[in-house]
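The primary structure of each chain is shown beneath.
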Amino acid sequence: MTAHSAHTANRLPLIALTALAPISWGTTYAVTTEFLPADRPLFTGLVRALPAGLVLLAISRRLPRGVWWGKAAVLGALNIGAFFPLLFLSAYRLPGGMAAVVGSVGPLLVAGLATVLLGERPTPRTLLTGIAAALGVSLVVLKAAGALDAVGLVAALASTASMSTGTVLTKRWGRPEGVGPLALTGWQLTAGGLLIAPLALIVEGAPPALDGPAIGGYLYLMLGNTAVSYWLWFRGIGRLSATQVTFLGPLSPLTAAVVGWAALDQSLTALQLLGMTIAFTATVLGQLQPRRPSPTAPMKRPEHPRAERPRAEPTRADPR
């Protein structure tokens, strides 16, 4: 096994754990439609983010210091506070699966942002893999038709841009010394939840009455789907490249399709199965890093004796 292969193999457990985040997010649609009150996307986003953030803050017992108050607020707004409402808005206003299709261009957007902010130059393989991932997701989730709603389309693009920018900035800024991913996740979820709270109250009014299934659904979204999943996601961002992490994103719509087939009695066509194969293959290829050239000993320049310049004969103007 080469050193490059061994390095990739050693990262497989980390990649697998990080992949659990988008897999968990792929169950959100089924839980929302089957257990939660209808037409309360902002309240759902609030319940997902704020309690989870407060729980993680209580566990980590760490608050931001200095410039990290501002950085945590920015990351919380990008990854949670703006992303959740925009994502739900696009899902409600666009025809079946279109929001997921727009979101699947995230790897390409992250590759571009990583070039500017992280100095990670995208390879042709990365760009082709990103295009393949978007194509595969399109085949899985895109249903026939309908006119595209302009507001929904802008919201979908904005949500993708928000999460992609947040992912790259999370990688660029890292974490303060001595602060783990648990505390960083808690800061962002809390900041994002506080941003959603007034919006949910203004737009949707008072919280709805909740029955047993709704309470169970919200507990799952708060703990497993958000607190644990975002901790795994930000932990992965800290240890993998931004491009690697974002290429795990297509696992979310793929999981949603599988859950819909297994639990909601939704059929899968041959074209969807082909799309799942393409998207999953792109996800795997997105984890492969370019082979770095092996270090070699620096070449020693041949020593050439310095040519002696002929000494000029003194002239009358020469003081020598």
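This one's a predicted model, so the numbers in the text were calculated from it and none came from an experiment.

### Brief notes about the overall build of the protein chain
Helices and strands together make up the secondary structure of the protein chain, namely 15 helices and zero strands. Pairs at least 24 apart in sequence give 89% of the contacts found in the protein chain among residues at least 6 apart.

### With respect to the packing of helix α10 (residues 150–173) against helix α12 (residues 212–239)
Two elements in contact, α10 and α12, have axes separated by 8 Å at closest approach and are oriented at 55°. If you check the angle between α10 and α12, you find them oblique. Viewed along their axes, α10 and α12 form a crossing whose handedness is right-handed. Of the residues in α12, those touching α10 at Met163, Thr167, Thr170 and Lys171 are Tyr230, Trp233, Phe234, Ile237, Gly238 and Arg239. Partitioned by chemical class, the residues of the contact of α10 with α12 number five nonpolar, three polar and two charged.

### Observations concerning the nonpolar core
Grouped together as the largest cluster of nonpolar side chains are 26 residues, with contacts concentrated most on Phe84, Tyr230 and Trp233. Top contributing element to this core by residue count: α12, with six residues. For Trp233, the residues in contact, after removing those within four places along its chain, are Thr18, Ala21, Pro22, Trp25, Met163, Thr167, Val245, Thr246 and Leu248. By size, the runner-up hydrophobic cluster in this structure holds 13 residues, among which are Val101, Val140, Leu254 and Ala279.

### With respect to helix α6 (residues 83–93)
All of the buried residues along α6 are Phe83, Phe84, Pro85, Phe88 and Ser90. Structurally, α6 contributes buried residues whose contacts are with α4 (41–60), α5 (68–81), α7 (98–103), α10, α11 (181–204) and α12.

### Some points on the packing of aromatic side chains
Ring pairs (aromatic) are described by centroid distance and by the angle formed between their planes. As enumerated under the stated definition, the model contains seven aromatic pairs in all. Measuring from ring centre to ring centre gives 6.1 Å for Trp68 and Trp187, while their planes differ by 50°; the resulting arrangement is tilted. Taken together, the residues span a long stretch of sequence, with Trp68 in helix α5 and Trp187 in helix α11 at a distance of 119 residues. Across this residue pair, the class does not change: Trp68 and Trp187 are buried. Ring centres of Phe84 and Tyr230 lie 6.2 Å apart, and the angle between their planes is 65°; on these two criteria the pair is classed as edge-to-face. Here Tyr230 lies in helix α12 and Phe84 lies in helix α6, a separation of 146 residues in the sequence. The same class applies to Phe84 and to Tyr230, which are both buried. The rings of Trp25, Phe83, Phe84, Tyr230, Trp233 and Phe234 are connected pair by pair, giving a single aromatic cluster.

### Points about a nonpolar patch on the surface
There is a patch of nonpolar side chains on the surface, built from Leu210, Ile215, Leu219 and Leu223 and spanning about 320 Å² of accessible area. Summarising the element assignment, Ile215 is placed in helix α12. The class of Ile215 is partly exposed, set by a relative accessible area of 42%.

### Overview of the environment of Phe88
For Phe88, the position within the fold is in helix α6. In this structure the C-alpha to C-alpha distance between Phe88 and Thr44, which are 44 residues apart in sequence, comes to 9.6 Å. Residue contacts for Phe88: discarding those within four places in its chain leaves Pro41, Thr44 and Gly45.

### Some remarks on the packing of α5 against α10
Running from N to C, α5 and α10 point in directions that differ by 150°, and their axes come no closer than 7 Å. With respect to each other, α5 and α10 are oriented roughly antiparallel. α5 and α10 meet at a crossing whose hand is left-handed. Judged by residue contacts, Trp68, Lys71, Val74, Leu75, Ala77, Leu78 and Asn79 of α5 engage Ser162, Met163, Thr165, Gly166, Thr167, Leu169, Thr170 and Trp173 from α10. Grouping the constituent residues of the contact of α5 with α10 by class yields eight nonpolar, six polar and one charged.

### A short note on helix α2 (residues 12–25)
Across its 14 residues, α2 extends 20 Å between first and last C-alpha, which sits within 8% of the 20 Å expected from 1.5 Å per residue. Among the residues of α2, Leu14, Ile15, Thr18, Ala19, Ala21, Pro22, Ser24 and Trp25 are the ones counted as buried. Elements that come into contact with the buried residues of α2 comprise α3 (28–35), α4, α10, α12, α13 (242–246) and α14 (251–263).

Rules behind the numbers
Residues numbered from 1 in each chain as written. Predicted model: local features only at pLDDT ≥ 70, side-chain atom pairs only at ≥ 80, totals over all residues. Heavy atoms only, no water. Helix = DSSP H or I, 4+ residues; strand = E, 2+ residues; numbered from the N terminus. Contact = heavy atoms within 4.5 Å. Axes fitted to C-alpha atoms, helices over the stretch in contact; angles between N-to-C directions. Parallel < 35°, antiparallel > 145°, perpendicular 65-115°, else oblique. Left-handed = near helix turned anticlockwise from the far one by under 90°. Nonpolar A, V, L, I, M, F, W, Y, C, P; charged D, E, K, R; others polar. Core = buried A, V, L, I, M, F, W, Y, C linked by side-chain atoms within 4.5 Å. Buried < 20%, exposed > 50% of the residue type's maximum accessible area, 1.4 Å probe, protein only. Phe/Tyr/Trp six-rings, centres within 6.5 Å; stacked < 30°, edge-to-face > 60°. Patch = residues over 30% accessible without salt bridge, like charges linked within 9 Å, V, L, I, M, F, W, Y side chains within 5 Å. Areas by Shrake-Rupley, 256 points an atom, 1.4 Å probe, with all protein chains shown as cover. Salt bridge = Lys/Arg side-chain N within 4 Å of Asp/Glu carboxyl O. Expected span 1.5 Å × (residues − 1).

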